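# Results of the structural survey
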Amino acid sequence: MEDRDLMENELLVIKGVCDLYMHGTLESTTAEVHSAFKDALNVSLDIQNKLYNLMSEKGWYKTCPAEQTKLDETKQKYSNTCC
């Protein structure tokens, strides 16, 4: 397995972990549990960001900028649905 494959797998795992911690934070019933999940989520988000940045630097995670017309259309679409 190549480094790129390992990092892609790790990124997928950490995204799943973030999802679990986020739901744990949202559903927690005490301040202590909420704080524990929130702290774990923040650490996991930091790890995810470092992985993303490293993969991006190596050219392994490429993003394409959104077209301005698509952004404008989406903004208009959702600005009309508000109260």
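This structure is a prediction, so every number in the text was calculated from the model and none was measured.

### Looking at the overall build of the chain
Each helix and strand in the chain was counted, giving three helices and zero strands. When the helices and strands of the chain are placed in sequence order, the string is α-α-α. Against the globule reference of 12 Å for 83 residues, the chain gives a C-alpha radius of gyration of 18 Å, more extended than a compact globule. Based on the C-alpha atoms only, the size of the chain along its principal axes is roughly 45 × 40 × 15 Å. For the chain, with 83 residues in total, the buried portion stands at 13%. For the chain, the exposed area adds up to about 6800 Å²; of that, 56% sits on carbon and sulfur atoms. Charge separation in the chain, taken as the distance between the mean sites of 9 positive and 14 negative side-chain charges, equals 7 Å.

### Examining the environment of Thr-74
Relative to the helices and strands, Thr-74 resides in helix H3 (residues 68-79). The spacing of Thr-74 and Glu-27 is 47 residues in sequence and 30 Å in space, taken between C-alpha atoms.

### Examining helix H2 (residues 31-57)
For H2, with 27 residues, the first-to-last C-alpha span of 39 Å sits near the 39 Å given by 1.5 Å per residue. Of the positions making up H2, those classed as buried are Leu-41, Ser-44, Leu-51 and Met-55. Residues of H2 that are buried in the fold lie against helix H1 (3-27).

### Brief notes about the side chain of Ser-44
Residue placement: Ser-44 occurs in helix H2. Once residues lying within four places of it in the same chain are set aside, the contact partners of Ser-44 are Ile-14, Val-17, Cys-18 and Tyr-21.

### Structural notes on the packing of H1 against H2
It is the contact of H1 with H2, at a shortest axis distance of 9 Å, that shows an interaxial angle of 155°. For the element pair H1 / H2, the angle class is roughly antiparallel. Seen from above, H1 lies across H2 with left-handed handedness.

### So, the nonpolar core
If you look at the biggest cluster of nonpolar residues, it comprises five residues: Met-7, Leu-11, Ile-14, Leu-51 and Met-55. Where this core is concerned, the elements lending two or more residues are H1 and H2. In terms of residue count, the dominant contributor to this core is H1 (three residues). Every residue in contact with Ile-14, bar those within four places of it in the chain, is listed here: Ser-44, Ile-47, Gln-48 and Leu-51.

So, how was this worked out
- Residues numbered from 1 in each chain as written.
- Predicted model: local features only at pLDDT ≥ 70, side-chain atom pairs only at ≥ 80, totals over all residues.
- Heavy atoms only, no water.
- Helix = DSSP H or I, 4+ residues; strand = E, 2+ residues; numbered from the N terminus.
- Rg over C-alpha atoms; globule rule 2.2 N^0.38 Å.
- Buried < 20%, exposed > 50% of the residue type's maximum accessible area, 1.4 Å probe, protein only.
- Areas by Shrake-Rupley, 256 points an atom, 1.4 Å probe, with all protein chains shown as cover.
- Lys, Arg positive; Asp, Glu negative; His and termini not counted.
- Charge placed at Lys NZ, Arg CZ, Asp CG, Glu CD.
- Expected span 1.5 Å × (residues − 1).
- Contact = heavy atoms within 4.5 Å.
- Axes fitted to C-alpha atoms, helices over the stretch in contact; angles between N-to-C directions.
- Parallel < 35°, antiparallel > 145°, perpendicular 65-115°, else oblique.
- Left-handed = near helix turned anticlockwise from the far one by under 90°.
- Core = buried A, V, L, I, M, F, W, Y, C linked by side-chain atoms within 4.5 Å.

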